[in-house]
Each structure stands twice: as C-alpha cells, then as structure tokens.
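Inside the fold
So the chains spell out like this:
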Amino acid sequence: MREQYRSEGFTEDTLAADPMQQFAHWFRQVAVGGLLHEPNAMVVSTATPEGRPSSRTVLLKKYDERGFVFFTNFESRKGRELTANPYVSLLFPWHPMARQVIVTGRADRVGRDETAAYFRTRPHGSQLGAWASPQSTVIGSRDELLTRYEELAARYPEGQQVPAPPNWGGFRVVPDTIEFWQGHENRLHDRLRYVREEGSEDWRVERLCP
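The sections below set out a description of the structure shown in this document. (Residues numbered from 1 in each chain as written. Predicted model: local features only at pLDDT ≥ 70, side-chain atom pairs only at ≥ 80, totals over all residues. Heavy atoms only, no water.)

So, on to helix α2 (residues 77-84). Among the residues of α2, Lys-78, Gly-79, Glu-81 and Leu-82 are the ones counted as buried. Summarising the axial view, the buried residues of α2 lie within an arc of 165°, below the 170-degree limit, and thus occupy one face. Lining the buried residues of α2 we find β1 (41-47), β2 (53-59), β4 (67-73), β5 (87-94), β6 (99-109) and β7 (168-182). (Buried < 20%, exposed > 50% of the residue type's maximum accessible area, 1.4 Å probe, protein only. Helix = DSSP H or I, 4+ residues; strand = E, 2+ residues; numbered from the N terminus. Arc of directions from axis to C-beta. Contact = heavy atoms within 4.5 Å.)

Next up on the list: the pairing of β7. Within β7, 13 of the 15 residues are buried, which leaves the element mostly enclosed by the surrounding structure. Two strands pair when backbone bridges link them, and β4 and β7 are joined in this way by six bridges, in the antiparallel orientation. Paired with Phe-68 across the two strands is Val-173, which belongs to β7. By the bridge criterion, 11 bridges tie β6 to β7 in an arrangement that is antiparallel. Note that in β7 the partner of Arg-99 across the bridge is Gln-182. The sheet contact formed by β7 and strand β8 (residues 190-196) spans six bridges and is antiparallel. Counted as the bridge partner of Gln-182 is Asp-190 from β8. (Pairing = 2+ DSSP bridges.)

Before going further, it helps to examine the side chain of Asp-64. Tracing the backbone through its elements, the reader meets Asp-64 in strand β3 (residues 62-64). In terms of polar contacts, Asp-64 uses its side chain to reach the backbone amide nitrogen of Arg-66, at 2.8 Å. Not counting chain neighbours up to four residues away, the residues in contact with Asp-64 comprise Met-20 and Arg-172. (Polar contact = N/O pair within 3.5 Å; in protein donor to acceptor, adjacent residues only side chain to side chain.)

Quick look at the structure:
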C-alpha cells in the first residue's frame, strides 16, 4: 500500500514572500483543479492542558493575512480544549495532489460581529442545527435531537432570522509555523516551512528532511 508520488519540484525560489500568500496560491490550485470534494476540509488538533490530544475534521471558512478561521460550539470538546489551551495544529490533507499544509499556532476567538455576520450566511437548516445540538455532549437518541430541531424549526420558520447562539462562534488560528509538503518519488519529498521570527512579523524559511 505504497504510492510513488510524481510531482514537479518545489523549491525556495518559487515561494511567496509571505506564507499566507503561498497558502492562497496552493488553495486556488486545489480548488480550481476539482480533484477534491471539499478542499477547505482540515484536521484540527487540540489538546488539554495535560497534553491529551484530540483531532477532528472541520471546514475552513475564511483565511487572510491574520490567519485561518473556523466556527464551532464553544462548549464542544475542541471549544473547551482551546479555551483551556489555545495552541492548535491544522492539517490540510490534499492527497490527490500529493500535498499537505501543516499549521501550528494559537487560536483566539473572533469578535461577535464577525461571528454574527458569518452565521447569517449559513443555510437556514444549519443555523437551526447550531441551536439544536449541544455539541460533544451525550444524547439519548437521534429522535431526541430531531425533536429539538423540529421545535426550533417551528419557532424560526424558513425566512425568519435566526440569532447566532451565544455559545457558538469563531476561532482564528494565528500561525507560528506553516509547512508546505510536496510529495515526490522515492520518498524525497519537499518540505518547506515558514517560521515566524520571535517578536516580529517577519518569516524565515527552513527546508526539512522528508
């Protein structure tokens, strides 16, 4: 169960000066290529203060020069872990293109205005689902969840504005490192990592052995 990756070279002289610009370049290539169903799917890994990790797949909803944004219930497992320990890792597994992007950094909550603005763009059913599901808590049955949803649907019919839940919102991951991984034959992969200089907005680039 091994595959030989055949890809073009990925060298320092092709990199953008800023890692978010480089991410935008790769993301456009992945999104336009149509090889992935959800190119914005990423694995978010968090840990308790004691160092016990957990991972799950989440959809990236926004990125810019400030970092990567996703939304969740703050009382979910990842929400509680990020509140107690804000250090996080993101992994974009773009396997059909033999690429990965690995981000490490700190997650901070976005403002309520930004959360409300995004919440209004969600489909009506997804808005109701955010209220219906106390994410990561134990529930007796699926019927119980559907009953909650149906009660909310009666309270907020289609076309009526649904407020964003107070315990639901966004996290922005401000990166300390961003690694771009390009697979090659014979396991001679390219791994180029941007590292933020301490106390600065500047970045340096390191090449890692595969």
